[in-house]
Structures are given as structure tokens and as C-alpha cells.
Amino acid sequence: METIIFKARPGTRERLRGINPNVSAVLRQGVEEMIKRKSAGSALEKAKHLCGIFKGGPRDHATSKDYLKQYARKNPH
């Protein structure tokens, strides 16, 4: 097991003990959860193998004015 030391605001230890008397276990769990979230990657990273596999469609719907017109609201005023 590796030891990591950090500074926390006054009262942090007592608040952590309110969650679990084993403060080290609470901190380990929190750090592991943050590492898992960070390593999960973005949606683009998860789907990048799918980019460009469809042929014949518009290059970019996000900038296609014809495509976006169907979503434009007509001003009632």
C-alpha cells in the first residue's frame, strides 16, 4: 500500500468519520472512483471507431442549414 499525504480544511476528518469511522477507507474509495471516472474517457473517445463508417450522408449536420431548418422555430410575433 502506498502512503499519500495531503492537507484538508479544518473539520474534514470529523466529517469523514461521520461517513465511516475508517477515514482511510473513505479516502481510498473516493480516489478510486475519481480515477475510474477520469479513465472512462469521453463519448468521442468511446465512439471514435464509429466515426466515418457511414458513406453518402451529409458531411456535417451541425453546420448544414438545410438540415437545421427543420428545427428552427417560426417567430410567432
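Everything below is about the structure printed above this text.
Read on for an overview of the structure. Throughout this document, residue positions are counted from 1 along each chain, in the order its sequence is written. In view of the model being predicted, local features appear only for residues whose pLDDT reaches at least 70, and side-chain atom pairs are presented and counted only at 80 or more, with totals across whole chains, interfaces and linings using the full set of residues. Hydrogens and waters are ignored; side-chain quantities use all the structure's heavy atoms.

1. What to know about a nonpolar patch on the surface
Together, Leu50, Ile53 and Phe54 make up an exposed nonpolar region whose accessible area comes to about 350 Å². Every helix listed is a DSSP run of H or I at least four residues long, and every strand listed is a run of E at least two residues long, numbered separately from the N terminus. Mapped onto the elements of the fold, Leu50 is located in the loop between α3 (43-47) and α4 (65-69). Three labels apply to residues, based on accessible area from a 1.4 Å probe with only protein chains included: buried if under 20% of the type maximum, exposed if over 50%, partly exposed otherwise in between. In this structure Leu50 comes out as partly exposed when scored by relative accessible area, which is 42%. Surface patches are drawn from residues lacking salt bridges whose relative accessible area is over 30%; two like charges belong together within 9 Å, two nonpolar side chains (Val, Leu, Ile, Met, Phe, Trp, Tyr) within 5 Å. In short, Shrake-Rupley with a 1.4 Å probe defines the accessible areas, and a residue's cover is counted only from the protein chains shown. Any carboxyl oxygen of Asp or Glu that lies within 4 Å of a side-chain nitrogen of Lys or Arg is treated as forming a salt bridge with it.

2. Examining helix α2 (residues 23-39)
Over its 17 residues, α2 runs 24 Å from end to end, which matches the ideal 24 Å to within 8%, given 1.5 Å per residue. Positive phi appears at Gly41, one or two residues downstream of α2, with a value of about 85°. An expected span of 1.5 Å times one less than the residue number is assigned to each helix.

3. Structural notes on the pattern of salt bridges
The full count for this structure, using the stated rule, is one salt bridge. Across the pair Glu14 and Arg17 runs a salt bridge whose closest N-O atoms are separated by 3.1 Å. Of this pair, Glu14 and Arg17 are both found in helix α1 (residues 12-19), three residues apart, which corresponds to roughly one turn of the helix.

4. Side note on the layout of surface pockets
In this analysis, the protein atoms alone were mapped onto a 1 Å grid. Cavities are point sets where a 1.4 Å probe fits without being able to get out; pockets are open sets with protein on both sides within 12 Å along at least five of seven lines; lining residues have an atom within 4 Å of a point. Grid points are joined across faces, edges and corners, and a volume is the space filled by probe spheres set on the points. Considered as a void within the structure, the largest pocket measures approximately 650 Å³ in volume. Lining the largest pocket are 18 residues, and of these Ile4, Phe6, Val23, Ser24 and Leu27 sit closest to its centre. Mapped onto the lining of the largest pocket, the elements with two or more residues apiece are α1 and α2. At seven residues, the largest contribution of residues to the lining of the largest pocket is made by α2. A breakdown of the residues in the lining of the largest pocket according to their chemical character gives ten nonpolar, three polar and five charged. Ten residues, namely Ala, Val, Leu, Ile, Met, Phe, Trp, Tyr, Cys and Pro, are considered nonpolar, four, namely Asp, Glu, Lys and Arg, are considered charged, and the remaining ones, Gly among them, are considered polar.

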